[in-house]
Amino acid sequence: MAFHRLTLLACALGLGAAIGAHANGDDTHARPPAEVAGLWCGDGLLHEFSLRLNQREEQVEGELLRKGRSRSIEGRIEGQVLRTQSTKVGALVLEKQGDELRVTGGDGPIALARGTSFRRSEAATCTG
């Protein structure tokens, strides 16, 4: 009987550890990367910007466009979060929330857009 209780306790602790690892983001079966390829149009303070992205699994590359000027960007997406490399105007951290890419962080002047977002567009260009 004591052996049976010990076995149940070990199973419960093992399951608890697995649940704890998952809750802490230590899950070895991470969520697949969000689909972010396409055209995204800036909203609010970003209304003059558009973001055109290409995606290959976790790798993302594209252009940040504003008033005919273009800046190449590269980044990596993990789950719903896209992190771009740092450029002379900074880096961005964007979180996909439905049909929005919300600026949640970054550094440099471009990070001042925290809280604003880009919206997915089915059109060929953004108007703004």
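The rules behind the values
- Residues numbered from 1 in each chain as written.
- Predicted model: local features only at pLDDT ≥ 70, side-chain atom pairs only at ≥ 80, totals over all residues.
- Heavy atoms only, no water.
- Helix = DSSP H or I, 4+ residues; strand = E, 2+ residues; numbered from the N terminus.
- Buried < 20%, exposed > 50% of the residue type's maximum accessible area, 1.4 Å probe, protein only.
- Pairing = 2+ DSSP bridges.
- Axes fitted to C-alpha atoms, helices over the stretch in contact; angles between N-to-C directions.

Draft legend 1. Focus on the environment of Glu122. Structurally, the position occupied by Glu122 is in the segment after strand E8 (117-121). Given the relative accessible area of 75%, Glu122 is considered exposed. Separated by 84 residues in sequence, Glu122 and Gly38 place their C-alpha atoms 8.3 Å apart.

Draft legend 2. Focus on the sheet that holds E8. What the 8 strands build is a closed barrel, ordered E1-E2-E3-E4-E5-E6-E7-E8; its pairing is antiparallel. On average, each strand axis in the sheet is tilted by 30 degrees relative to the strand beside it, whichever way the strands run. By the bridge criterion, 4 bridges tie strand E1 (residues 38-42) to E8 in an arrangement that is antiparallel. Note on E8: the bridge partner recorded for Cys41 is Arg119.

Draft legend 3. Geometry of the pairing of strand E6 (residues 91-97). Within E6, 5 of the 7 residues are buried, which leaves the element mostly enclosed by the surrounding structure. Relative to E6, strand E5 (residues 81-84) runs antiparallel, the two being bridged by 3 bridges. By the bridge assignment for E6, Val81 is matched with Glu95. Between E5 and E6, which pair antiparallel one after the other, the connecting turn spans 6 residues, and Gly90 there sits at a positive phi close to 110 degrees. Of the pairings in the sheet, the one linking E6 to strand E7 (residues 100-107) comprises 7 bridges and is antiparallel in character.

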